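# Structural overview
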Amino acid sequence: MNKTVSPAIQVYPDPASASRALAAEIADLIRSREKKALPTVLGLATGGTPLPLYQELRRLHAENDLSFHNVITFNLDEYLGLDHDDAHSYWQFMHQQLFHHVDIQPQNIHIPDGTITPADLAAYGRSYEQAIRDAGGIDLQILGIGTNGHIGFNEPGTPRDSRTGPVDLSEKTRRDNAVHFSGLQLVPTRAITMGCATILDAKRIALLAWGERKAAIIRDALHAPLSPSLPASYLQEHPATTFYLDQPAASKLL
Ligand code: F6R
């Protein structure tokens, strides 16, 4: 890992243009690997940030013949205690926003299972890691960022070598995500997430951030000293990370 080569920063006028640029890169990656008869392994995020990206990928599939037949996906995280049918689950989110609209093969979709019992979570986390390795590793990982600097649901305090497993959600994250639930008390307190080391194993990482409310944490993720108190700062050591920002999210960059 080499601190001097990464992250690259690309600033766009708005989330739609940033998402179009990234979606075009994803389409090129899928098509170039398909030509070599190789699958493309994508790490996927949920939340508000990737919505315009999934919209553009749906459009490329519908209007531009982009096939997901050879795409394998691994989602970052899922709330613990929510099953597939729960409207707030990330399983539902991904199917509504992307999977129902493209030709991905259901067996190629991997989303952490929020219904795993506590006793089985450690083994489940190891099996998720194994499935990523069996697929050949993640070619491109999409990330958002929490206003507290989390990536996936790796909250402040998470060590760099963490692996997929259960986590407690911080008060800040639960408050940020309460907009999607009918009240803070309904936001789950726990989740299962890929670890920081799992994310950093990805061959390429694209972190997306929009809006003024992300500006301070984007500045810190890029320029603050590497620290477990800011898990996104670990990306400073990843050799192939690009931050895709809109102008407001880039407004506090030095
Ligand atoms: C989502 C995830 C989180 C979000 C982050 C930002 O799978 O892992 O790290 O990317 O909380 O959320 P939004 O995009 O809603 O601001």
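Now for a look at the structure at hand. (Residues numbered from 1 in each chain as written. Predicted model: local features only at pLDDT ≥ 70, side-chain atom pairs only at ≥ 80, totals over all residues. Heavy atoms only, no water.)

### What to know about the overall build of the chain
The secondary structure content of the chain amounts to seven helices and ten strands. For the chain, whose C-alpha radius of gyration is 17 Å, the value lies close to the compact-globule estimate of 18 Å for 254 residues. Its C-alpha atoms put the chain at 45 × 45 × 35 Å along the principal axes. The buried share of the chain, reckoned over its 254 residues, is 54%. Taking the intrachain contacts of the chain between residues at least 6 apart in sequence as the baseline, contacts between residues at least 24 apart amount to 79%. A total accessible area of about 10900 Å² is found for the chain, and carbon and sulfur atoms account for 53% of it. (Helix = DSSP H or I, 4+ residues; strand = E, 2+ residues; numbered from the N terminus. Rg over C-alpha atoms; globule rule 2.2 N^0.38 Å. Buried < 20%, exposed > 50% of the residue type's maximum accessible area, 1.4 Å probe, protein only. Contact = heavy atoms within 4.5 Å. Areas by Shrake-Rupley, 256 points an atom, 1.4 Å probe, with all protein chains shown as cover.)

### Topic: the environment of glutamine 10
When you line up the elements, glutamine 10 lands in strand 1 (residues 8-12). Distance from glutamine 10 to leucine 66, taken between C-alpha atoms, is 24 Å for residues 56 residues apart in sequence. If sequence neighbours within four positions are ignored, glutamine 10 has contacts with Glu25, Thr242, Phe243, Tyr244 and Leu245.

### Quick word on the sheet that holds strand 4 (residues 77-79)
Adjacent strands of a sheet form backbone hydrogen bonds with each other and so pair up, either parallel or antiparallel. Read across the open sheet, the three strands follow the order 4-8-7; overall the sheet is antiparallel. Looking at which strands have only one partner, the edges of the open sheet turn out to be strand 4 and strand 7 (165-168). Neighbour-to-neighbour, the strand axes of this sheet turn through a mean angle of 30°, independent of strand direction. Relative to strand 8 (residues 190-193), strand 4 runs antiparallel, the two sharing three bridges. Each residue of the ladder has a partner; that of tyrosine 79, found in strand 8, is alanine 191. (Pairing = 2+ DSSP bridges. Axes fitted to C-alpha atoms, helices over the stretch in contact; angles between N-to-C directions.)

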